[in-house]
Amino acid sequence: MVTNAGGPGILLADACEARGLELPALSSDTLATLRTFLPAHAGLANPIDLTASGTPEQYAHAIEAVGADRAVDALVVIYVPPLVTDPDQIARAIARGAGSVPTDKPVLSVFISSKGAPPLLGEGPRGQLPAYSYPENAAMALAAAESYGRWRRRPRGTPLALGRLGESAIRAVVDRVLAGAEGPCWLAPGDLGTVLRAAGIVFADAEQVAPDEAVAAAERLGFPLVAKAIAPGLVHKSDVGGVILGLDAPAAVARAVAALRERMQEVGAPLDGILLQRQVAGGIEALVGVTTDPTFGPLLVCGLGGILVELLRDVSFHLTPVTDVDAREMIDRLRARRLLDGYRGMPPGDRDALVDVILRVSALVEIVPELREVDLNPVKVLAPGKGAIVVDGRMRVGPVAPRVTSPRAGAPSSEA
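This report concerns the structure included in the present document. (Residues numbered from 1 in each chain as written. Predicted model: local features only at pLDDT ≥ 70, side-chain atom pairs only at ≥ 80, totals over all residues. Heavy atoms only, no water.)

1. Let's talk about the overall build of the protein
Defined as follows: Numbering of helices and strands starts at the N terminus; helices are DSSP runs of H or I of at least 4 residues and strands are runs of E of at least 2. Based on C-alpha atoms, the radius of gyration is set beside the globule rule, defined as 2.2 Å times the residue count to the power 0.38. Relative accessibility thresholds used throughout: buried, under 20% of the residue-type maximum; exposed, over 50%; partly exposed, between the two (1.4 Å probe, protein chains only). Pairs of residues are marked as contacts when any of their non-hydrogen atoms sit within 4.5 Å. In this description, accessible areas are obtained by the Shrake-Rupley approach with a 1.4 Å probe, and a residue is regarded as covered only by the protein chains that are shown. Charge convention: Lys and Arg are scored as positive, Asp and Glu as negative, and His as well as the terminal groups of each chain are ignored. Where a charge lies is defined by one atom per residue type: Lys uses NZ, Arg uses CZ, Asp uses CG and Glu uses CD.
The number of helices and strands found in the protein is 12 helices and 16 strands. Radius of gyration (C-alpha) of the protein: 32 Å, far over the 22 Å computed for a compact globule of 416 residues. Along the longest, intermediate and shortest principal axes, the C-alpha atoms of the protein span 95 × 60 × 40 Å. Within the protein, the fraction of its 416 residues that count as buried is 44%. For the protein, contacts bridging at least 24 residues in sequence account for 63% of all contacts bridging at least 6. Accessible area of the protein: about 21200 Å², with a carbon and sulfur share of 54%. Charge separation in the protein, taken as the distance between the mean sites of 40 positive and 47 negative side-chain charges, equals 1 Å.

This is the structure we're talking about:
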C-alpha cells in the first residue's frame, strides 16, 4: 500500500487482513530504494506512508519501487487531498507509476474526496485504474478478485458419463412414458427403479403389486420389508401415514395392507397398489435431487438429514454437469457434513458413495433433457466401503420447453 495519510492506510490494512489478504514486509532492496527519495519521517513499514507532503514524483517512484518487489502481488494507492498538492497532478502520477508495475499485478486507487477520482487516472499506460471512495471498498474488491482467481485455478474435476447401454435403457423408459402422457408426469415406481439402476444408482429391491397380492410378493422379496401406499396424486406418502416399516412376516404384511387401505380412505384416495420394498437398516439419510430454475436450468441439490432437510434447509446447489470436485464441495458446504465423519460416536458414512450418487444424477440430467424434477430422499449412506442405497424417490419428466428468445434481439436467451 502507498498512501499519504496513516489513518486510511490502517483502515485498509485492517480490511485486507480481515479478508485473508496479507501485508508482506518489503525487501531490503525496496526499502533502500524508497529511502533515496522519501523524507526521513516517511513510514516505510507496509503501508508506505508518504505523509501529507507527498509529491507527484514521490507517488510515481514509490509505486514503481513497491510494484517491483517480488513479495507484492497487488498494490492499493490511497490519496487524501491536502492543501499542499494538486489532485490532478497526483492522479497523473499514479497513472504513470502504475504503468511501470508488472501487468500481472493489479493496481487499485482510493481517492477520498467529495469530487471523486479525477479522470486523469485513466491516462496512464494501463488505461483506467479502478478507483474507490473508501479503503474498505478497495479491500473488498481485491479480496473478491483473489477469491475468484483461486476458484479459477482449482482442479476442475471430471463429470461422470454413463455408458451407451445405460443411456439406451433410460431413454427407452422416458420416451415410452412421454409418448403416453399429455404433459409433465411422475414416473411410476417401477419405471423409476429401472431408470436409477440403468444409471448405476442402487435402488432398494421393491415390487409394486395389487393390495390382494401383497402377501405373496412379500414372500418372494424376503423380510424385513416396508409397505408404501400407491394412490392417485399421492407424492409425500409419509405425510398421510402411507409408509409402514418393520414388516417381518406375512401376517404383518396383511395387517399393513389393511391399515394402508383405511388410511387412504380417510384422505379420500383409493389404494391402487402397494409398493413392497426391502428395508435398509442403519445408514445416514441424505437427499440428492434436481430442480429446474427458470433462468439457470437444471440445478443439482444435495443435503443430509432425510425429511429434516426441508425443515433445516441445509442443502447445497450446483449447476449441471457436476464434476467429482464439485460434488465433494457440495457436501463440504453442508452444515451436517460432520455426520459423514462419525459425529459424537455415531457410525461414519461412505462419503465416496454419496459423491457417486451425485455424479450419476448429474449424468442423468445430461441424458434426459426432459427431466423436470428428481427427489431421491432418503438415500441411505452406509458405512465406509458399503455404498449408498436409494430407499425412496420420485422423478418428474415433461416435454422439452421451447427456448425463449429475446423479443428485442431475437437471439437465444442466456441460461447462465
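Text resumes after the structure shown.
2. Structural notes on the pattern of salt bridges
Threshold: Each reported salt bridge corresponds to a side-chain nitrogen of Lys or Arg within 4 Å of a carboxyl oxygen of Asp or Glu.
A full pass over the atoms with the stated rule returns 15 salt bridges. Here arginine 154 makes a salt bridge to glutamate 329, at a shortest N to O gap of 3.0 Å. Here arginine 154 is found in the loop between helix H5 (135-153) and helix H6 (164-179), whereas its partner glutamate 329 is found in helix H11 (residues 324-332), with 175 residues between them in sequence. With its nearest N and O atoms 3.4 Å apart, the salt bridge here joins aspartate 375 to arginine 394. With aspartate 375 in strand S14 (residues 371-381) and arginine 394 in strand S16 (residues 393-397), the pair connects residues that are 19 residues apart, well separated along the chain.

3. Side note on the packing of aromatic side chains
Rule in force here: Only centres within 6.5 Å qualify two rings of Phe, Tyr or Trp (six-membered ring in Trp) as a pair; their planes then separate them into stacked at under 30 degrees, edge-to-face at over 60, and tilted for everything else.
Under the definition given, this model contains three aromatic pairs. For the pair tyrosine 59 and tyrosine 79, a centre-to-centre distance of 6.1 Å together with 70° between the ring planes defines the contact as edge-to-face. Taken together, the positions of tyrosine 59 in helix H3 (residues 56-67) and tyrosine 79 in strand S3 (residues 75-79) put the pair 20 residues apart, joining distant regions of the chain. Here the two residues tyrosine 59 and tyrosine 79 agree in accessibility, since each one is buried. With a centroid separation of 5.9 Å and an interplanar angle of 20°, the aromatic rings of tyrosine 148 and tryptophan 151 are classed as stacked. Here tryptophan 151 and tyrosine 148 lie together in helix H5, a separation of three residues that amounts to about one turn. Looking at tryptophan 151, the relative accessible area reads 46%, which means it is partly exposed.

4. So, H5
Rules: To estimate how far a helix should reach, multiply one less than its number of residues by 1.5 Å. Each C-beta atom gives one direction from the helix axis, and the arc is the one those directions make.
An ideal rise of 1.5 Å per residue puts 27 Å on 19 residues; H5 measures up with 27 Å between its terminal C-alpha atoms. Here H5 has its buried residues at Pro135, Ala138, Ala139, Leu142, Ala143 and Gly149. Looking straight down H5, one finds that the buried residues subtend no more than 130° of arc, so they occupy a single side. The elements touched by buried residues of H5 are helix H1 (6-18), S3, strand S4 (107-111) and strand S5 (131-132).

5. A few points about the nonpolar core
Here is the rule: Among buried residues, those of type Ala, Val, Leu, Ile, Met, Phe, Trp, Tyr and Cys that are joined through side-chain atoms within 4.5 Å constitute a nonpolar core.
In terms of nonpolar packing, the biggest core is built from 49 residues, with Ile170, Leu354, Ile358 and Met395 touching the most fellow members. With 11 residues, helix H12 (residues 351-367) is the largest single contributor of residues to this core. Formed by 30 residues, the second largest nonpolar core is a distinct cluster that contains Val66, Leu75, Leu121 and Leu129.

6. Structural notes on the layout of surface pockets
Our working definition: Grid points spaced at 1 Å over the protein atoms alone were grouped into cavities, where a 1.4 Å probe fits but cannot get out, and pockets, open sets with protein on both sides within 12 Å along at least five of seven lines, with lining residues defined by an atom within 4 Å of a point. Grid points are joined across faces, edges and corners, and a volume is the space filled by probe spheres set on the points. When residues are grouped by polarity, Ala, Val, Leu, Ile, Met, Phe, Trp, Tyr, Cys and Pro land in nonpolar, Asp, Glu, Lys and Arg in charged, and all others, Gly among them, in polar.
Taken as a whole, the largest pocket holds about 1000 Å³ of empty space. Taken together, 38 residues form the lining of the largest pocket, with Val235, Lys237, Asn377, Asp392 and Gly393 sitting closest to its centre. For the lining of the largest pocket, a count of residues per class yields 22 nonpolar, six polar and 10 charged.

7. Considering the pairing of S4
Stated precisely, the cut-off is as follows: Crossover handedness is defined by viewing with both strands directed away from the observer: a clockwise path from the first strand over the helix to the second marks the crossover as right-handed. Only strands joined by at least two bridges in the DSSP assignment are considered to pair.
Counting buried positions over the five residues of S4 gives five, a clear majority of the element. Residues of S4 alternate between two faces, with Val107, Ser109 and Phe111 on one and Leu108 and Val110 on the opposite face, all of them buried. Of the crossover connections in this fold, the one passing from S3 over helix H4 (residues 87-98) to the parallel S4 is right-handed. Sheet topology places S4 next to S5; two bridges connect them, and they run parallel. Paired with valine 110 across the bridge in S5 is tyrosine 132.

8. Things to note about the sheet that holds strand S7 (residues 206-209)
Stated formally: Axis lines are fitted through C-alpha atoms, for helices just across the contact stretch, and the angle between N-to-C directions can take any value from 0 to 180 degrees.
Within the open sheet, the four strands sit side by side as S7-S10-S8-S9. Their pairing is antiparallel. Of all strands in the sheet, those with a lone pairing partner are S7 and strand S9 (243-247), marking the two edges. For this sheet, the mean angle separating the axes of adjacent strands, direction not counted, is 20°. Of the strand pairs in this sheet, strand S8 (residues 225-230) and strand S10 (residues 273-278) are connected by six bridges, and their pairing is antiparallel. Across the sheet, the residue bridging to isoleucine 230 is glycine 273, located in S10.

The values reported here are purely geometric and, on their own, carry no functional implication.
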